[in-house]
Amino acid sequence: MTKVRMLAKCLDLAEQSSALPVSEFAVEQLAELMVNAYRGTTDWEDGDDEIVAAAEIRATTSASYGQFNSDASGVITDSNGLPVSAVFVSRLESLPTILFVYTAKSAAGEGHATTLIKRAAAVLAEQGHDEVVLYVSEENPARMLYQKLGFA
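These numbers come from a predicted model, not from an experiment.

Visitor: Can you help me understand the pattern of salt bridges in this one?
Guide: It is possible for side chains bearing opposite charge to pair when their charged atoms get close. The final tally for this structure, using the stated rule, is four salt bridges. Ionic pairing is found between E131 and K9, a salt bridge with its closest N-O pair at 3.1 Å. Pair noted here: E131 is in strand β6 (residues 131-137) and K9 is in strand β1 (residues 3-9), with a separation of 122 residues, a long-range link. The residue E15 makes a salt bridge to K118 at a minimum N-O spacing of 3.6 Å. Of the two residues, E15 sits in the loop between α1 (10-13) and α2 (27-38) while K118 sits in helix α4 (residues 112-126), which places them 103 residues apart along the sequence.

Visitor: I'm lost on the environment of A31 in this one. Help?
Guide: With respect to the element layout, A31 can be found in helix α2. Using a relative accessible area of 1% as the deciding quantity, one classes A31 as buried. C-alpha separation for the pair A31 and E56, spaced 25 residues apart in sequence, amounts to 8.5 Å. Contact partners of A31, with chain neighbours within four places excluded, come to E50, A53, A54 and I57.

About the thresholds
Residues numbered from 1 in each chain as written. Predicted model: local features only at pLDDT ≥ 70, side-chain atom pairs only at ≥ 80, totals over all residues. Heavy atoms only, no water. Salt bridge = Lys/Arg side-chain N within 4 Å of Asp/Glu carboxyl O. Helix = DSSP H or I, 4+ residues; strand = E, 2+ residues; numbered from the N terminus. Buried < 20%, exposed > 50% of the residue type's maximum accessible area, 1.4 Å probe, protein only. Contact = heavy atoms within 4.5 Å.

Next up, the structure:
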């Protein structure tokens, strides 16, 4: 699977909104959400499960993939307080990077990923960052969303 690097200007994306801190949720909850979001997509790899997803989340939040930015990362919940969308941002190769953004299939199309990306950009701009990067599979339909938001 080929990944494409996409970059956007933080101020072009920035929009204030609220999200809950990643730390308010058990890793297992976020891993279950990740599996729900990715299973059956181009980003799903055979053998991936909640254990693999939890390991990725732990690696991200413990700075294995660059300095984790807890302020720019966040979670949106449903009316029952269950997580339905999450974004994880780290400083990778000296640039703020969206490592993961995912939404439960049951909440797809509701704009949660857009909200989280715009919120992350607003936080990053406040922190003095000009740009944000993400990597996406060439065949991932989310590329169209990222391009619509201003990533090139």
